[in-house]
Amino acid sequence: MKQQLEQIKIAATEQLQNAETIEALEEARIKYLGKKGELTSILKGMGGLSAEERPIIGALANEVREFLTNAIDSKKAEMEQALQDEKLKKEVIDITMPGKRSKVGNLHPLTKVLDEFKDTVIGMGFEIAEGPDVETDYYNFEALNIPKNHPARDTQDSFYVEDNIVLRTQTSPMQIRVMENKKPPIRIIAPGRVYRSDAMDATHSPIFHQIEGLVVDKGITMADLKGTLEALIKSIYGDNAKCRFRPHHFPFTEPSVETDVQCFNCGGKGCSMCKGEGWIEILGGGMVHPKVLANCGIDPEVYSGFAFGIGLERLVMGRYDINDIRLFYENDVRFLKQF
Ligand code: DAH
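Residues numbered from 1 in each chain as written. Predicted model: local features only at pLDDT ≥ 70, side-chain atom pairs only at ≥ 80, totals over all residues. Heavy atoms only, no water.

A few points about the packing of aromatic side chains
In step 1: For the structure on display, the rule yields seven aromatic pairs.
In step 2: A ring pair is formed by Tyr-320 and Phe-339, whose centres lie 4.9 Å apart and whose planes are at 65°; its orientation type is edge-to-face. With Tyr-320 in helix α10 (residues 312-320) and Phe-339 in the segment after α11 (333-336), this residue pair connects regions lying 19 residues apart in the sequence.
In step 3: Judged by relative accessible area, Phe-339 falls into the buried class, the value being 19%.
In step 4: Three or more aromatic residues joined by ring pairs make a cluster, and in this case those are Tyr-320, Phe-328, Tyr-329, Phe-335 and Phe-339.
In step 5: If you follow Lys-9 out to its NZ or CZ, it ends over the ring of Phe-67, 4.8 Å from the centre.
In step 6: In this arrangement the basic side chain of Arg-177 is found over the ring face of Tyr-139, its NZ or CZ atom lying 4.1 Å from the centre. (Phe/Tyr/Trp six-rings, centres within 6.5 Å; stacked < 30°, edge-to-face > 60°. Helix = DSSP H or I, 4+ residues; strand = E, 2+ residues; numbered from the N terminus. Buried < 20%, exposed > 50% of the residue type's maximum accessible area, 1.4 Å probe, protein only. Lys NZ or Arg CZ within 6 Å of the ring centre and 35° of its normal.)

Here it is, written out as structure tokens:
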């Protein structure tokens, strides 16, 4: 039996030495120390030993058991440590690697040009006014001297929410809203979205942006209108920009003008951009109609004013030589990141 125990010790030691995985160690533990293990069965067989032999064999068996238990436990601990080390090594972060740069967007060209425009007019003493996109027929048309059957309504076919509620077709209703709430002197711009029932093509969109301007005070004349617009146009297109004023008709201004800028592409000779005209129309304006002032409770005998309306998309298209209005709304980053 002593011999058997020694053999077990040798065989087990060898098996442990060869064990390469934690599973192999567990197998060895079961084989020798398990309930039906080799060492266990020897211990069970000790009942048949003589009284002298029993303590000697018992002590030896215990020693072998202790030896094997320790050997298995320490090898297992070693293996676990090695696994842990390997895992940590794999997870180590190389702090010398270049980081991943997160992408930062940029302003939409419409926002960018509008911001610049706001800066310029704020420098001239204007305030920024804002108003609703969903507007009443009264503010959008009626108060602006465009009664129900006026032909000017034909060019501004709108989306009707209800009979007397429309998506505003122009920013001009802001003139009325401001004049109703503020006594002159008034100097505001009102940028915002406008809506028309137009089919989408390269130059039309059912949603676009306008910038309304309004100045009302004592003694405001056409010279103020021309001077202000000329200064604004130079701030957008550069100091060499030339502009011209043509007589026009708007129901809410009298007299009215349309303002053109000399084609920045061909310098006025005529090209595809200006359709051979040499000039590009960029805004409408005029002296606020006395009836419109009166509609807002401002005495036209005491006060006068000028107003203008600019199409933001058209302005930006001219500025960056963009030939299709749809590009503004498609959110294609290849387009947007150019500005
Ligand atoms: N609201 C006009 C339009 O959409 C543009 C306009 C013309 C605005 C003359 C004005 C103005 O303030 O005085 O066509």
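Still more ground to cover, so stick around.
Side note on the nonpolar core
In step 1: By size, the foremost hydrophobic cluster in this structure holds 41 residues, and its most contacted members are Phe-117, Tyr-237, Ile-282, Phe-308, Leu-312, Leu-315 and Phe-328.
In step 2: For this core, the elements supplying multiple residues, two or more each, are α5 (109-123), β6 (207-217), α8 (222-237), β8 (253-262), β9 (279-288), β10 (304-311), α10 and α11.
In step 3: Counting residues per element, this core draws most heavily on α8, at six residues.
In step 4: Contact partners of Phe-328, with chain neighbours within four places excluded, come to His-108, Pro-109, Leu-110, Glu-313, Val-316, Met-317, Ile-322 and Phe-335.
In step 5: Within the second largest apolar cluster, 22 residues are counted, among which are Ala-143, Met-174, Val-288 and Cys-296. (Core = buried A, V, L, I, M, F, W, Y, C linked by side-chain atoms within 4.5 Å. Contact = heavy atoms within 4.5 Å.)

Some points on the domain arrangement of the protein chain
In step 1: Looking at the protein chain, the domain boundaries give domain 1 (2-90) and domain 2 (109-336).
In step 2: Between the C-alpha centres of domain 1 and domain 2 there is a distance of 94 Å. (Domains from an automatic or database assignment.)

Observations regarding helix α1 (residues 2-18)
In step 1: Between the first and last C-alpha of α1 there are 25 Å, a value that for 17 residues agrees with the 24 Å anticipated at 1.5 Å per step.
In step 2: When α1 is considered as a whole, its buried residues turn out to be Leu-5, Ile-8, Ala-12 and Leu-16. Summarising the axial view, the buried residues of α1 lie within an arc of 60°, below the 170-degree limit, and thus occupy one face. Among the exposed residues of α1, those oriented more than 90 degrees off its buried face are Gln-3, Gln-7, Ile-10, Gln-17 and Asn-18.
In step 3: The secondary structure elements touched by the buried residues of α1 are α2 (22-33), α3 (38-44) and α4 (53-91). (Expected span 1.5 Å × (residues − 1). Arc of directions from axis to C-beta.)

Structural notes on the site of the ligand
In step 1: Not every one of the 16 residues close to the ligand is listed here, only the nearest: Gln-170, Ser-172, Arg-196, Gln-210 and Glu-212.
In step 2: Separating an oxygen atom of the ligand from a backbone N or O atom of Phe-308 is a distance of 3.3 Å.
In step 3: Listing elements by their share of the shell around the ligand, those giving two or more residues are β6, β9 and β10. (Near = heavy atom within 4 Å. Polar contact = N/O pair within 3.5 Å; in protein donor to acceptor, adjacent residues only side chain to side chain.)

Here we look at the sheet that holds strand β3 (residues 160-162)
In step 1: Pairing is antiparallel across the open sheet formed by three strands, whose spatial order is β2-β4-β3. Two strands bound the open sheet, and with one partner strand each, they are β2 (134-136) and β3. Averaged over all neighbouring strand pairs, the angle between strand axes comes to 35°, with direction disregarded.
In step 2: Summarising the sheet, β2 and strand β4 (residues 165-167) pair through three bridges and their orientation is antiparallel. Directly across from Thr-136, in β4, lies its bridge partner Ile-165. (Pairing = 2+ DSSP bridges. Axes fitted to C-alpha atoms, helices over the stretch in contact; angles between N-to-C directions.)

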